[in-house]
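# Per-entry structural report
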Amino acid sequence: MTRVAVVGAGPAGIRAAEALHAAGVAPVLIDEGRQAGGQGYRAPAPGIALDMHALMGSQAGRYEALHAAFADLRGRIDHRPGTLVWAIEDGVLHVATQGRADTLAFDALILATGAMDRVAPVRGWTLPGVFTLGGAQVALKEQGCLVGRRVAFCGSSPLLALAALQYHAMGAQVVGVCDTTSLGEKVRAAPRLAASPGTLARGLSYLARLKRAGVPLLFGVAPETIEGGSRVEALVVRDAAGRRIRLACDAVALGHGLKPETQLAELAGATFDFDPARRLWLPRIDADGRAGPGLYLAGDGAAIGGADAAEASGELAALAALADLGRPVDVRRMAALRRRVRRLRTFQMGLARAFAWPARSVADMGDDVTVCRCENIDAGEIREAARGGLVPGEVNRVKAITRCGMGRCQGRVCGSALQEIVAAEAGVTVEAAGRLRGQAPVKPVMLSIAETDAP
Amino acid sequence: MAGGEAGPDGDDAAAPLLVRATVRDGAQVRFTFDGRALTAHAGETILVAILTQGPHLRAFEFAPAHRAGFCLMGACQDCWVWFEDGGRARACTTPITEGLRIVSRPPMHAGTPR
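Rules used in this analysis
Residues numbered from 1 in each chain as written. Chains lettered and ligands numbered in written order. Predicted model: local features only at pLDDT ≥ 70, side-chain atom pairs only at ≥ 80, totals over all residues. Heavy atoms only, no water. Buried < 20%, exposed > 50% of the residue type's maximum accessible area, 1.4 Å probe, protein only. Helix = DSSP H or I, 4+ residues; strand = E, 2+ residues; numbered from the N terminus. Arc of directions from axis to C-beta. Contact = heavy atoms within 4.5 Å. Polar contact = N/O pair within 3.5 Å; in protein donor to acceptor, adjacent residues only side chain to side chain. Pairing = 2+ DSSP bridges. Axes fitted to C-alpha atoms, helices over the stretch in contact; angles between N-to-C directions. Salt bridge = Lys/Arg side-chain N within 4 Å of Asp/Glu carboxyl O. Core = buried A, V, L, I, M, F, W, Y, C linked by side-chain atoms within 4.5 Å. Parallel < 35°, antiparallel > 145°, perpendicular 65-115°, else oblique. Left-handed = near helix turned anticlockwise from the far one by under 90°. Nonpolar A, V, L, I, M, F, W, Y, C, P; charged D, E, K, R; others polar.

So, on to helix 13 (residues 395-402) of chain A. Residue and element names in this part refer to chain A. Of the positions making up helix 13, those classed as buried are V395, N396, V398, K399 and T402. Taken around the axis of helix 13, the buried residues stretch over an arc of 160°, which confines them to a single face. Buried residues in helix 13 make contact with strand 24 (377-378), helix 12 (379-387), helix 14 (415-426) and helix 15 (430-433). Residue E394 occupies the N-cap position of helix 13, its side-chain oxygen lying 2.9 Å from the main-chain nitrogen of N396. Looking one or two places after helix 13, you find R403, whose phi comes out positive at around 75°.

A word on the sheet that holds strand 5 (residues 92-97) of chain A. Residues and elements named next belong to chain A. With antiparallel pairing, 3 strands are arranged side by side in an open sheet as 4-5-6. Looking at the sheet topology across the chains shown, the edges are occupied by strand 4 (83-89) and strand 6 (100-105). Pairs of neighbouring strands in the sheet enclose a mean axial angle of 25°, with direction left out of account.

Another point: the environment of A:P197. Residue and element names in this part refer to chain A. Tracing the backbone shows P197 in helix 7 (residues 197-212). On the accessibility criterion, P197 (56% relative accessible area) is exposed. Taking the C-alpha atoms as reference points, P197 and V122, 75 residues apart in sequence, are found 34 Å from one another.

Okay, the pattern of salt bridges next. Under the counting rule described, the total for this entry stands at 41 salt bridges over all chains. Among the ionic pairs, A:R76 bridges to A:D72, the shortest N-O distance being 3.3 Å. Residues A:D179 and A:K186 are paired through a salt bridge, measuring 2.8 Å at the closest nitrogen-oxygen approach. If you follow the salt bridges from partner to partner, you end up with A:R373, A:R408, B:R58, B:E61, B:R67 and B:D78 in one network.

Below, the discussion takes up the sheet that holds strand 1 (residues 4-7) of chain A. Residues and elements named next belong to chain A. Here we have 6 strands laid out as an open sheet, ordered 3-2-1-7-22-21, and mixed in their pairing. Two strands close off the open sheet at either side, each with one partner strand: strand 3 (78-80) and strand 21 (290-292). Strand-to-strand, the axes of this sheet are offset by a mean angle of 20°, without reference to chain direction. Note: strand 7 (residues 108-111) against strand 22 (residues 295-297), 3 bridges, orientation parallel. Residue pairing for strand 22: I110 is matched across the bridge by Y296. Packing against the sheet, helix 1 (residues 11-22) makes contact with strand 1, strand 2 (28-30) and strand 7, and its axis sits at approximately 160° to strand 1.

Residue and element names in this part refer to chain A. Structurally, T83 can be placed in strand 4. Overall, the relative accessible area of 3% leaves T83 in the buried class. Within the local environment of T83, its side chain forms a polar contact with the backbone oxygen of R80, the two atoms lying 3.3 Å apart. Among the polar contacts made by the side chain of T83, one reaches the side chain of T97 at a distance of 3.2 Å. When neighbours within four sequence positions are excluded, T83 is seen to be in contact with I30, D31, E32, V95, A96 and T97.

On to the nonpolar core, then. One finds A:I110, A:F153, A:Y167, B:F31, B:I46, B:L47 and B:I102 to be the most contacted residues of the largest nonpolar core, which totals 93 residues. What B:I102 contacts, discounting residues up to four positions off in sequence, is B:F31, B:T32, B:F33, B:D34, B:I46, B:I50, B:V81, B:W82, B:F83 and B:I96.

Our focus in this paragraph is unusual backbone geometry. Residues and elements named next belong to chain A. Cis peptide bonds are those with omega within 30 degrees of zero, and the linkage from A440 to P441 qualifies with -5°. You can see P441 is positioned in the segment after helix 15. Even without being a glycine, D90 presents a positive backbone phi close to 45°. Summarising the element assignment, D90 is placed in the loop between strand 4 and strand 5. A relative accessible area of 79% places D90 in the exposed class.

Quick look at the pairing of strand 7 of chain A now. Remark: a regular strand shows side chains that alternate across the two faces of the sheet. Residue and element names in this part refer to chain A. In strand 7, alternate side chains face the same way, and those of A108 and I110 on one face and L109 and L111 on the other are all buried. Bridge analysis of strand 1 against strand 7 gives 4 bridges, and the strand direction is parallel. Bridge pairing in strand 7 places V4 opposite A108.

Another aspect to go through is the packing of helix 12 of chain A against helix 14 of chain A. Residue and element names in this part refer to chain A. Here helix 12 crosses helix 14 at 50°, and the two axes come no closer than 9 Å. One finds that helix 12 runs oblique with respect to helix 14. Judged by the twist between their axes, the crossing of helix 12 over helix 14 is right-handed. Here helix 12 contributes A379, I382, R383, A386 and R387 to the contact with helix 14, which in turn contributes L418, I421, V422, E425 and A426. In the contact of helix 12 with helix 14, the residues fall into 7 nonpolar, no polar and 3 charged.

Here it is as structure tokens:
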């Protein structure tokens, strides 16, 4: 029997599993989350009463459709929630569930591993009360909690205004939305964004509603520090004119767009290319999501495209896998999905300019700013290591010397900043500074699971 | 936080970090954190159960500071907590359950003075 494994039960993974099931190839759908939906379409935990229709706003229809599709599918496929894939080798997944290890062989693998926030470090960002922007949304959607009573939103992302509006609606005082991209940059990105006028209009309406609610909206800001003794007390920024602004608050949500979770793709044999527009290393895929023999990538874990692109690319990857397995597929449907995915990802390229990763200010951050939250490594230590060593200016060497990127998050949080600081200090391009290599286990697993591993 | 100690910035230092913004209809769940008896609601994560009643989750290993989670989606590993009988959990993705005895530092250090 042909076994197709799908990793990740967000919009891409659910649509992939649905397409496989429809073609008579019941997949194994493995998800680290306890509930399907992924991050953007995260559902409230059982016992948490939350009006998701109101909270999701214009996305409510797609949210409800995806969860309805999964409810219909879950009893018909092998769904394994709360299961971490921690290694992949020779057509076998190594998984851990509730402290027990298992292995699972596959003929084809669809990775729909999603993305997490990319965050530019700022002085004081290790204080309790600082969360990622996505984390602030997860607290609300899954747990019905606000990360604070007076919350500052800082970074550069279309989700900044959306999250701020959701927090305002749920009773938080939003003390400011501080976007690090200037209005001039946003205007220059406008022609690309016009490719999807509905999405552009929705983004502008969020800003208008925040303005009507009296929320300060700042553009082109430079975050200076997050103040506090044992927890967040204020976010201090310089505005576009260089004025110092102190926003008293008890929580800060930070986010500079998304970075794909590519560790499993790397273990499965994907090749990586540097994307100069986003300054990220991304797995190489063809128009259908093929990344190697029997390996398919879909959703934001393959290329940042948002939830709609994730749904379409998940179905497309499943159809590509079916075609490669010799099953009949609807080639017209594949062509339509291909066009849709291409259009949505092109729009995201525009967003990457309108909400830019602040490469310059990251490279210039003070020596005293913590870069690696896990191992407590600051920018000064990274610069010293980047100057010396046998291979100056290579991120994996700097990781070995400083331990930045070697901690329990394995460089997920600090990696983007590390590459900017190393490249600037060594006087090389970010591409030349190299890519932090991933390795198994892709997330920490307890040694005790080894005792339960099947021979 | 267990003893309600005040930080350098005054009484507010011990106030809860997170705010419940919705009704909970899950059953009450009893647990302890650093020896203090607390209750939460079924459906809540360990992180929410602790941070709606206190300011942090764990002691930081390399400096006199505390951590309270960061990504809330299982990626950053900032929110580890430990259990009195050994073992650890990622607080943001682990549900709170009846009778858990949670501590803010690895149990081998649990007896050392703060």
